[in-house]
Amino acid sequence: MKPIATEKTESTEISPDSTPEASSPTPANPENPGPSGFRYTRLAVILAVVWVVVIVAVWFGRHPLFDVEFPLYPAEITGRIAGAIGGMLLDLVLLALCTVGSMALGRWLAHWFWPDLKGLERFIFWSGLGFGSNMLLILGLGLLGGVNPVVAYVLLALELFSLWPLWRNNSPVMAWRSLSGYLKEGWRGTSRWEKALVCWLTGAAVLTLFVSLAPPLAWDALMYHLEGPKQYIAAGRIEALPRLGQASFPFGMEMLFTWGMLLHGDGLAQSFSWLFGLLGAGAIYVFAQRFFTKFTNARPVGLLAAALYLSIPHVWLLMTWAYADLMLSFYSLLAFYALLLALSGAPTVSQVARYAVLGGAMAGIACSGKYSVVTAAFGVLVGALAFGGMARPRPSWRSIFIMVVGFGIAGTISFAPWLLRNIFFSGNPFSPLYGGIKGWDPEEVGFLNGAYGHVSLDIGVVLGRPFGMALLGRDGGLYDSTISPLFLALLPLGVWAAFRERVVASLWLAVGVTYLGWLFGIALSDAADHTRLLLPVFPWLALITAYGLLDFFKTVRADKAKLLRAVGVLVTGGFLAASGFLLLLFFVANDPIPYHFGFQTRQERLEDQLGSYERAVNFVNTQLPANADLFMFFEPRAYYFDRVHSADHNDGGQFFTLMDHFHTPQAVYDELRRRGATHILVNENLLQFLLNTPTYRLIDEAKAGRQLLDDLQSQGYFEQIYRETGFYTVYKLKS
């Protein structure tokens, strides 16, 4: 043993002048020289890489992912499965890249004007600024004729490339480490019930994401939210859409839908709604962290408020629909957030001006989704003024003036592109609400501007609507929304909290002003009598309710309050559990898993979910000639129709206008011929609904319309070529 040890010791001694080869240890066994003579040269590494790549490439060449046969499953099925999974993963990757690219764009803007944003609120405001800027960029590029996939991918690539200087400095890596570290630290420090809320939020996000990535099904999405972008893509540019009256609404969210459809399809486009639901919950959380400072740890309030928001059945339903409403809620909250930042602490003139501009920009972007959000923007301003008025010391009059002017100017500038578009496309800036649409009969767009009725305001309506919406409202029924009862049930705690926290008081004031604006809207048009138009106040109500409940738990410790505390916990927890169960039932009924994993084709899924509508669509798209011009009566959902078409409105406006102006079958037939119609589709189900629903006040018109359609067929003007009894009939106009 000694000679060996001596030999090893001597062989491992390295002189200063020795080379690496000379300093290599001498192997103990002379018959096995070991690896000392092998050099890891660049050529060797290249050859090894080539070897690995060639072997793996040959294997995939013989066994491609989209053409693998198993004993019980032919290649057609396995290929479809692989394609479906690949498509879903591509949607997820593109959604993530669009988010990162938009945040990169928003970061550059924030870096110059709002560098003092901190923590998680930076990511929220970066997202808001980035997506809002992309809406205007896509509008501008579209007006220049840039509605095509190449431009969409170039825009995304440029935004991602803007991160390159940061990558060189490892800034995104550091940001990711900071975010992940924050989340890990937060998770370790949370209580059990906080972790339960996080799990609830995660489960809701996953279930709604799966549904949102499936083909769109929702009514308004098929009527105009996606139909407008589809027509822009077909034209290759953003232009006036003379057969789609709703295209005169502000189309901010539809610009993102256009982007998603160009990148990969309507599943990606629809998932932007899901994203804004998630961003809204995130904005609620960081709002609580920033402003609810009376709590030593405001994280529980933020988590509860986010859960209360996403537990509203109409909110998680909207996360799966290609609608604009969740975008409005997100930006309305950011507008409020920015104005409170403007007046927080001992505000300087610079601070007030910068954050007033930020708040105005967020409010203007919110208005680019719906005109009605103007009332929420006014509520935000009034609430922020009250917040400043309750501060000690109060902000100076100069600061208040700067905030109001900055908010108004920034909001007008960010909203102005849609008004200018309407001037050129529709003839007036506020089309179709006021002044109608250029080239349209006023009666035909009457449903859009209140010509068909309004709600008479009295004390019962003013005080009773919140109870009706909270307790009786139902998706597809009264007020067309199912919302949470907790905002009403825990109202006393929210009012109590307003006397203890000025942020809560200012939120209440914003809610009240927005509600009064909504009442004014329904007094002009009963088309506004929907809870969805009040969606911007729901994040504010979630924050109020969460604060009131947890502040009550923290403050009231007396034995006599134990019962009330127990009821509060049981009611809140019970509703969250019930809402989660409803969401699970909705997920099972929607059943997106077979589609996402290739066991169901797109057409099979649409027929499974839309039934007679999809069968009528399939007939039109496959059986009508390519040059057909389809006029649709009592059917507004045009998205899946491939032939040239003119869709109706929810109340049959197109058909009833024809009937009122051209009183005989011969005159109606001649007018349809003059407009170029070759075929007619009638939604018999919706016509029957109008016949049986007094609240629409169209029973007499529907009866006359039914008779006119029968006369057009019996007198030889229409030839029936398709019919599904009680649902759809397709006619051909006889020559």
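The structure presented is a predicted model; accordingly, all values stated were derived computationally and were not measured.

> Give a description of the overall build of the protein that names residues and reports values.
If you tally the helices and strands in the protein, you get 32 helices and 5 strands. Burial analysis of the protein (735 residues in total) assigns 52% to the buried set. Contacts in the protein between residues at least 24 apart in sequence constitute 72% of all its contacts with a sequence separation of at least 6. A total accessible area of about 34000 Å² is found for the protein, and carbon and sulfur atoms account for 66% of it.

> An account of unusual backbone geometry is requested, with residue identities and associated values reported.
With an omega of 0 degrees, the peptide bond between R392 and P393 qualifies as cis. Tracing the backbone shows P393 in the loop between helix 17 (373–389) and helix 18 (397–425). Backbone torsion omega between S431 and P432 reads 0 degrees, so that peptide bond is classified as cis. Following the sequence through the fold, P432 ends up in the loop between helix 18 and helix 19 (446–449). A positive phi angle, near 55 degrees, is found at D591, a position not held by glycine.

> So what's going on with the nonpolar core? Which residues, and what values?
Among the nonpolar cores identified, the biggest contains 193 residues, and W259, F272, F276, F292, Y331 and W540 are the most heavily contacted of them. Apart from the residues within four sequence positions on either side, Y331 is in contact with S127, G128, F131, G132, M135, F276, M362, I365 and A366. By size, the runner-up hydrophobic cluster in this structure holds 26 residues, among which are L658, Y669, L690 and L712.

> Provide a residue-level description of the pattern of salt bridges, including the pertinent values.
Evaluation of the coordinates by the stated rule reveals 17 salt bridges. The residue K370 makes a salt bridge to D325 at a minimum N-O spacing of 3.1 Å. With K370 in the loop between helix 16 (349–367) and helix 17 and D325 in helix 15 (residues 325–343), this residue pair connects regions lying 45 residues apart in the sequence. Comparing K370 with D325 shows no difference in burial state: the two are buried. Between R674 and E671 there is a salt bridge, with its nearest N and O atoms 2.6 Å apart. Of this pair, R674 and E671 both sit in helix 30 (residues 665–674), 3 residues apart, which is roughly one turn of that helix. Judged by its relative accessible area of 60%, R674 falls in the exposed class. In this structure, a network of salt bridges that share partners links the residues E684, R706, D710 and R723.

> Go over the environment of R706, please, and point to the residues and values.
With respect to the helices and strands, R706 occurs in helix 32 (residues 699–714). Overall, the relative accessible area of 22% leaves R706 in the partly exposed class. In sequence terms R706 and L691 are 15 residues apart; their C-alpha atoms lie 9.2 Å from each other. Non-local contacts of R706, meaning those with residues more than four positions away in its chain, are made with E684, L687 and Y731. Here the side chain of R706 touches E684 through a polar contact of 2.4 Å, side chain to side chain.

Rules of the game
Residues numbered from 1 in each chain as written. Predicted model: local features only at pLDDT ≥ 70, side-chain atom pairs only at ≥ 80, totals over all residues. Heavy atoms only, no water. Helix = DSSP H or I, 4+ residues; strand = E, 2+ residues; numbered from the N terminus. Buried < 20%, exposed > 50% of the residue type's maximum accessible area, 1.4 Å probe, protein only. Contact = heavy atoms within 4.5 Å. Areas by Shrake-Rupley, 256 points an atom, 1.4 Å probe, with all protein chains shown as cover. Core = buried A, V, L, I, M, F, W, Y, C linked by side-chain atoms within 4.5 Å. Salt bridge = Lys/Arg side-chain N within 4 Å of Asp/Glu carboxyl O. Polar contact = N/O pair within 3.5 Å; in protein donor to acceptor, adjacent residues only side chain to side chain.

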